Amino acid sequence: MRQTGHSVTIFTSFVLLSWASVGVTAAYSQTVDEVSILKQVNISRMNVLSANYSGITHIEGDRYAVVDDKGYGCGVSFLDIKMNKSNGKITDVVQSFMPDMEHRTDELRDGEGIAYCNETGTLFVSGEEDQKILEYDMNGKPTGRQLAVPLSMGKSNIYGNRGFESLTYNHATKLFWTTTESALKSDCLSFSANTPCEKNILRLQSFGLDRMPAKQYAYRMETPRMRKKNIRNFVCGVSDMLALDDGRLIMMEREMCVTKTFLGSYCTIRLFMVNPMESEEIEEGTDVNTLSEDRLLKKSLLCKFTTYLKLGNMGFANYEGMCLGPRLDDGRQTLILINDSQKGAGNMFKHLKEYLKVIVVRL
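Before going into details, it helps to say that this report is about the structure given with it. Model, not experiment: these values are computed from the prediction.

Here is what the cut-offs are and how they apply
Residues numbered from 1 in each chain as written. Predicted model: local features only at pLDDT ≥ 70, side-chain atom pairs only at ≥ 80, totals over all residues. Heavy atoms only, no water. Salt bridge = Lys/Arg side-chain N within 4 Å of Asp/Glu carboxyl O. Phe/Tyr/Trp six-rings, centres within 6.5 Å; stacked < 30°, edge-to-face > 60°. Lys NZ or Arg CZ within 6 Å of the ring centre and 35° of its normal. Buried < 20%, exposed > 50% of the residue type's maximum accessible area, 1.4 Å probe, protein only. Helix = DSSP H or I, 4+ residues; strand = E, 2+ residues; numbered from the N terminus. Pairing = 2+ DSSP bridges. Polar contact = N/O pair within 3.5 Å; in protein donor to acceptor, adjacent residues only side chain to side chain. Contact = heavy atoms within 4.5 Å. 1 Å grid on protein atoms, 1.4 Å probe; cavity = no way out; pocket = protein on both sides within 12 Å on 5 of 7 lines; lining within 4 Å. Points joined across faces, edges and corners; volume = space filled by probe spheres on them. Axes fitted to C-alpha atoms, helices over the stretch in contact; angles between N-to-C directions. Core = buried A, V, L, I, M, F, W, Y, C linked by side-chain atoms within 4.5 Å.

Before going further, it helps to examine the pattern of salt bridges. In the structure shown here, the tally under the stated rule is 18 salt bridges. With its nearest N and O atoms 3.1 Å apart, the salt bridge here joins D69 to K70. Note that R332 is salt-bridged to D330, the shortest N-O span being 2.8 Å.

Moving on, we get to the packing of aromatic side chains. Applying the stated criterion across every chain, the model contains four aromatic pairs. Counting every residue linked through ring pairs, the aromatic cluster contains F124, Y169 and F176. Over the aromatic face of F272 sits the side chain of K299, whose NZ or CZ is 4.1 Å from the ring centroid. Over the aromatic face of F305 sits the side chain of K357, whose NZ or CZ is 4.9 Å from the ring centroid.

Counting buried positions along strand β22 (residues 333–339) yields seven of seven residues, so the element is predominantly enclosed. Side chains Q333, L335, L337 and N339 of β22 all project onto a buried face; the interleaved residues T334, I336 and I338 project onto the opposite face, where all are buried too. The turn joining strand β21 (residues 319–327) and β22, which pair antiparallel and follow one another in sequence, is formed by five residues; a positive phi near 95° is taken by G331. In this sheet, strand β23 (residues 355–361) lies alongside β22 in antiparallel orientation, the contact comprising six bridges. By the bridge assignment, T334 is partnered in β23 with V360.

With that settled, consider the pairing of strand β17 (residues 233–243). Within β17, 11 of the 11 residues are buried, which leaves the element mostly enclosed by the surrounding structure. Bridge count for β17 against strand β18 (residues 249–258) is 10 bridges, and the pairing is antiparallel. Considered in β18, the bridge of A243 is made with L249.

The next point concerns the side chain of T286. As for its placement among the helices and strands, T286 is situated in the loop between β19 (266–274) and β20 (300–309). Separated by 2.9 Å, the side chain of T286 and the backbone nitrogen of E283 make a polar contact. Among all residues touching T286, those that are not within four sequence positions of it are R203 and L291.

This brings us to empty space enclosed by the protein. Within the structure shown, the criterion is met by three cavities of 30 Å³ or more. Counted as a void, the largest cavity has a volume near 50 Å³. Lining the largest cavity are M221, E222, T223, P224, C236, G237, E253, R254, E255 and R270. With three residues, β18 is the single largest residue contributor to the lining of the largest cavity.

So, about the sheet that holds strand β9 (residues 111–117). The sheet built from four strands is open, its strands ordered β9-β10-β11-β12 with antiparallel pairing. The two strands at the open ends of the sheet, each matched to only one other strand, are β9 and β12 (142–146). Across this sheet, the average inter-strand angle for adjacent strands is 30°, counted without regard to direction. As paired elements, strand β10 (residues 122–127) and strand β11 (residues 132–136) share five bridges and run antiparallel to each other. Bridged to F124 within β11 is E135.

As a further point, take the side chain of Q216. By the secondary structure assignment, Q216 is in strand β16 (residues 213–220). Judged by its relative accessible area of 4%, Q216 falls in the buried class. A distance of 2.8 Å separates a polar atom in the side chain of Q216 from a polar atom in the side chain of R203. Ignoring sequence-local partners within four residues, the contact set of Q216 consists of R203, L204, Q205, E281, I282, E283 and E284.

Turning our attention to the sheet that holds strand β13 (residues 168–170). The four strands lie next to each other as β13-β14-β15-β16, forming an open sheet whose pairing is antiparallel. Two strands bound the open sheet, and with one partner strand each, they are β13 and β16. Taken over all neighbouring pairs, the strand axes of this sheet differ in orientation by 25° on average, direction set aside. Here six bridges tie strand β15 (residues 201–207) to β16, and the two strands are oriented antiparallel to one another. Residue pairing in the sheet places R203 in a bridge with A218 of β16.

A separate point is the nonpolar core. Ranked by size, the top nonpolar core spans 25 residues in total, and within it I250, I269, L271, L335, L337 and I359 carry the most contacts. Elements with a minimum of two residues in this core: β3 (35–37), β17, β18, β19, β20, β21, β22 and β23. Looking at this core, the element that brings in the most residues is β19, giving four residues. Residues within four places of I269 in sequence aside, it is in contact with M252, E253, R254, C303, K304, F305, Y319 and L337.

Within the fold, K199 resides in the loop between β14 (175–178) and β15. Sequence spacing of K199 and M221 is 22 residues, and the spatial spacing of their C-alpha atoms is 4.9 Å. Aside from chain neighbours lying at most four places away, what touches K199 is R220, M221, E222 and T223.

Right under this line is the structure:
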């Protein structure tokens, strides 16, 4: 998510006031129905540079790639994440960068989603500015190839800064998946940046290894709880998604509300499981607002957690990226989430940090 025009941007001015900081709920470990939410890990203390990390993907072993939405060109760097396989706790993170920068351009694509394709050994990055999903080699050089985004999901049909936040690829199903953060113009004619998204319907689009569009499904967002007036900023929508080997998808919905006084502001993350194989696909020209409920993807809540702006510590985290981590010794699967700190917004005394959060689930 770009800084301009969004709620995260005002955190800079907030922390500069220095009279308040941020508290976190669900920052402790809790287990609900085979899902454990572990305490977030401050990777700034591990010499990971402050940036605008908006997406993360697993490559192999302990190696992951992350994308910076303010990065030039593909905006990618690498993290080697060490994890205790008995409990899922992160023990160390080492950052490295592209081998050479000769392919870096001055183009700012607002890279939000990232996916590693095992078959091609390349990275795909979704840009919210150009509404394209481009392929890069592991040196960051564009290959000239891209996913064939349907015309209905093109830039002209996207509300400002509400385009491709998410991207995922699964080696077992050989499918890429993406969706827009909020509903398309053609599917939501009364959009307002500071108005709650009233159960908007998104289009989940898959692509094959031939990079051509495959199947499309209708997905209804949650109704946000925000009902306050005179807010500074509000944003809700799908910030990332994750494709599993069995064809199911995990959707990450984010709701962020910043109040006039800052105190009482919050960010809620919800993870939902959906199964496209149990639903009927839709066509590009389908009027999604006339679909019956049985035509929409059925959702089941995996977990949710909320961070608040209040007196306390600087633990606020706006999680935007998600990928699969390793399996633990007992067979449970880890998910790794990464937050966007707006490059450590604040000052030398109070500023946002880079965090990773692990969620353990039995799939």
